[in-house]
Amino acid sequence: MDTRQLRAFCAVVELKSFSQAAERLGVTQPAVSLQVRSLEKRLDRRLLDRSGRRVEPTEAGLALYRGAQRMLQLEEQLVEELEAGEGGELGGTLAVGASTGPGSTVVPVLLCEFQREHPGVAVSLSISDTQSVVERVAERELELGVVGAARRHRGVVFEPLFRDEVVLAVPPGHAFAGRTVTLDQLREEPLIVMQEGAGVRQVIEDELRTVGTRLKELEPRLELGLQESVKAAVVAGFGVTFISRAAIEADLAAGTLATARVKGLDPAREISLVRSAGRSPTRAAEAFLAFARERL
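Presented here is a report on the structure given in the accompanying data block. (Residues numbered from 1 in each chain as written. Predicted model: local features only at pLDDT ≥ 70, side-chain atom pairs only at ≥ 80, totals over all residues. Heavy atoms only, no water.)

## Quick word on the pairing of strand β11 (residues 258-262)
Burial along β11 is one-sided: the residues A258, A260 and V262 are buried and none of T259 and R261 is. As judged from the three bridges shared by strand β6 (residues 156-170) and β11, these two strands associate in the antiparallel manner. Within the sheet, the bridge partner assigned to A169 lies in β11 and is T259. Across two bridges, strand β7 (residues 180-181) lies against β11 in parallel orientation. Paired with V181 across the strands is V262, a residue of β11. (Buried < 20%, exposed > 50% of the residue type's maximum accessible area, 1.4 Å probe, protein only. Helix = DSSP H or I, 4+ residues; strand = E, 2+ residues; numbered from the N terminus. Pairing = 2+ DSSP bridges.)

This is the structure:
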């Protein structure tokens, strides 16, 4: 079976669009359409439903998609093994995504150290919110993801990687600095939160539920995107925020931020590794995971 046809078909199924599939594959949209039509003709089956706004696989298409994934993964592994040779130098590419917490602290250093040990591997890291990372791993745009919250998604699997403490960051000299405060006291302060989809925000929402409170009851005054944005606002004195401790270690050492605790809350999160369900890892991915676990 022609793997080019299978690759085009799988891209359309995953992206639900011929044009986006063509962009991913670096070919024209007519070329993708021709590959899919040729595949349907050969199998004498309608594989895609093109009647709606989005392209959806038929029942036969879903069955083919599952089998095609396995075939394409095997092809990738065979090519990689032939190129690398048994026991040869590690090569290929490693595309990793990370949410803003681990993506601004731990992950970049790990990837740099890994690439220094394996110079034949081309490494790329993209940073976005947890939900976006999970979706990109599910769509196989990224091989691995590192995120601060395990969001349910049938297209991925999560594995624990390391634990990260979440703290209340406040300006230096703030009345809360170094203290334990109550939720009522926190409610009187301008609370800055990250956008929905951020791992830290999910951790705090879950932790508040354990004490019978919802985030909106704390009356957040500002929602400012992701980690760097809320940290900058706190440093500038506009309020307080919950944030990963690892993300502000340098600020704490420099004295530009301080921390506080909230009575009844002990927020922490498991930083998780995200993989695409059913995808066999490349040698580069397996080597990076072993490397990371030794150091975390």
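The structure having been displayed, the exposition proceeds.
## A short note on the packing of helix α1 (residues 3-15) against helix α3 (residues 29-43)
Packing of α1 against α3 leaves a shortest axis separation of 8 Å and a crossing angle of 110°. By the angle between their directions, the pair α1 and α3 is classed as roughly perpendicular. Here R4, Q5, L6, A8, F9 and V12 of α1 lie close against α3, whose contacting residues are V32, Q35, V36, S38 and L39. Within the contact of α1 with α3, the residues separate by chemical class into seven nonpolar, three polar and one charged. (Axes fitted to C-alpha atoms, helices over the stretch in contact; angles between N-to-C directions. Parallel < 35°, antiparallel > 145°, perpendicular 65-115°, else oblique. Contact = heavy atoms within 4.5 Å. Nonpolar A, V, L, I, M, F, W, Y, C, P; charged D, E, K, R; others polar.)

## Quick notes on the packing of aromatic side chains
Inspection of every chain in the model, using the stated rule, returns two aromatic pairs. Between F114 and F288, the ring centres sit 5.4 Å apart and the planes meet at 80°, which makes this aromatic pair edge-to-face. You can see F114 sitting in helix α6 (residues 106-117) and its partner F288 sitting in helix α12 (residues 283-295), a full 174 residues away along the chain. We note that F114, like F288, is buried. Between F114 and F291, the ring centres sit 5.7 Å apart and the planes meet at 65°, which makes this aromatic pair edge-to-face. In this pair, F114 sits in helix α6 while F291 sits in helix α12, placing the two residues 177 residues apart along the sequence. Accessibility expressed as a relative area gives 6% for F291, which makes it buried. Joined through ring pairs, the aromatic side chains of F114, F288 and F291 make up one cluster. (Phe/Tyr/Trp six-rings, centres within 6.5 Å; stacked < 30°, edge-to-face > 60°.)

## Some thoughts on the pattern of salt bridges
Under the definition given, this model contains 24 salt bridges. Between E75 and R7 there is a salt bridge; the shortest N-O distance is 2.4 Å. Here E75 is found in helix α4 (residues 59-84), whereas its partner R7 is found in helix α1, with 68 residues between them in sequence. Of the residues examined, E75 reaches a relative accessible area of 24% and is grouped as partly exposed. Judged by its relative accessible area of 29%, R7 falls in the partly exposed class. A salt bridge links R209 to D206, with the shortest nitrogen-to-oxygen separation between them at 2.5 Å. (Salt bridge = Lys/Arg side-chain N within 4 Å of Asp/Glu carboxyl O.)

## Looking at the nonpolar core
Ranked by size, the top nonpolar core spans 33 residues in total, and within it L168, L186, L191, F242 and V262 carry the most contacts. The set of elements that each furnish at least two residues to this core consists of β6, α8 (183-187), β8 (191-193), α9 (199-210), α10 (227-235), β10 (240-244) and β11. Take this core: its biggest share by element is five residues, from β6. The residues touching L191, leaving out its near neighbours within four places in the chain, are L186, L215, L218, P220, R221, L222, V240, T241 and F242. With 21 residues, the next largest nonpolar core counts L111, F162, I271 and A284 among its residues. (Core = buried A, V, L, I, M, F, W, Y, C linked by side-chain atoms within 4.5 Å.)

## A closer look at the packing of α1 against helix α2 (residues 18-25)
Interhelical geometry of α1 versus α2 gives an angle of 125° and a closest axis separation of 8 Å. Our classification of the angle between α1 and α2 gives oblique. α1 and α2 meet at a crossing whose hand is right-handed. Contacts from R7, A8, A11, V12, E14 and L15 of α1 reach α2 at F18, Q20, A21, R24 and L25. For the contact of α1 with α2, the per-class residue count stands at seven nonpolar, one polar and three charged. (Left-handed = near helix turned anticlockwise from the far one by under 90°.)

## Re a nonpolar patch on the surface
Judged by side-chain polarity, L222, L224 and F238 come together as a nonpolar surface patch covering roughly 260 Å² of accessible area. Along the chain, F238 turns up in the loop between α10 and β10. Take F238: its relative accessible area is 56%, and that puts it in the exposed class. (Patch = residues over 30% accessible without salt bridge, like charges linked within 9 Å, V, L, I, M, F, W, Y side chains within 5 Å. Areas by Shrake-Rupley, 256 points an atom, 1.4 Å probe, with all protein chains shown as cover.)

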